[in-house]
Amino acid sequence: MRYIRYAILAVIAVCLITLALANRELVTLNLLPEQLSLMLGFDRSVTLPLFAVILGGVVVGVLLGFVWEWLREHKHRAEAARQRRDKERLAREVNRIKTDHPAAKDDDVLALLGDDRQKAGSARGA
């Protein structure tokens, strides 16, 4: 599996190098259109190789996609955290009931819970 990953990374690297070599021409990027920059007296431009512009656009697009997905999935992470807190609270409550009430040892439901925990603990230890 590791070799497949290295092969895929090598193919991507060859493609990026080929793209860079094929697009070495310099291009000028302007912040504003020419007429608007003359009217405002604010002319900002930068000259870069074309491959840097292409790869920069890809990187910005990927980063925007990651941020978009992170924000979109926030509700799922919040729900998982809430459920984890509820599970821990209920486990503490079951333990408290089992230790505080001597009659709880005779309770069939709590006895089943205790048996499941012992089975799970012994399965993990094996």
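Residues numbered from 1 in each chain as written. Predicted model: local features only at pLDDT ≥ 70, side-chain atom pairs only at ≥ 80, totals over all residues. Heavy atoms only, no water.

(A) Structural view of the environment of Arg72. Inspection of the secondary structure puts Arg72 in helix α3 (residues 50-72). On the basis of relative accessibility, which here comes to 45%, the residue Arg72 falls in the partly exposed class. At 2.7 Å, the side chain of Arg72 and the side chain of Glu69 are in polar contact. (Helix = DSSP H or I, 4+ residues; strand = E, 2+ residues; numbered from the N terminus. Buried < 20%, exposed > 50% of the residue type's maximum accessible area, 1.4 Å probe, protein only. Polar contact = N/O pair within 3.5 Å; in protein donor to acceptor, adjacent residues only side chain to side chain.)

(B) Quick look at the pattern of salt bridges. For the coordinates displayed, the defined rule picks out five salt bridges. Ionic pairing is found between Arg72 and Glu73, a salt bridge with its closest N-O pair at 3.9 Å. By relative accessible area, which is 33% here, Glu73 ends up partly exposed. (Salt bridge = Lys/Arg side-chain N within 4 Å of Asp/Glu carboxyl O.)

(C) Just the packing of aromatic side chains, in detail. Under the definition given, this model contains zero aromatic pairs. Positioned above the aromatic ring of Tyr3 is the side chain of Arg2, whose terminal nitrogen or guanidinium carbon lies 5.9 Å from the ring centre. (Phe/Tyr/Trp six-rings, centres within 6.5 Å; stacked < 30°, edge-to-face > 60°. Lys NZ or Arg CZ within 6 Å of the ring centre and 35° of its normal.)

(D) Local environment of the side chain of Ser37. As for its placement among the helices and strands, Ser37 is situated in helix α2 (residues 34-40). Apart from the residues lying within four places of it in its own chain, the contact partners of Ser37 are Leu32, Phe42 and Asp43. (Contact = heavy atoms within 4.5 Å.)

(E) Broad picture of the packing of helix α1 (residues 2-22) against α3. In contact at an axis separation of 7 Å, α1 and α3 are set at 140° when each is read in the N-to-C sense. Judged by the angle between their axes, α1 and α3 are oblique. Two secondary-structure elements touch here, α1 through Leu16, Leu19 and Ala20 and α3 through Phe51, Ile54 and Leu55. Its residues placed into classes, the contact of α1 with α3 shows six nonpolar, no polar and no charged. (Axes fitted to C-alpha atoms, helices over the stretch in contact; angles between N-to-C directions. Parallel < 35°, antiparallel > 145°, perpendicular 65-115°, else oblique. Nonpolar A, V, L, I, M, F, W, Y, C, P; charged D, E, K, R; others polar.)

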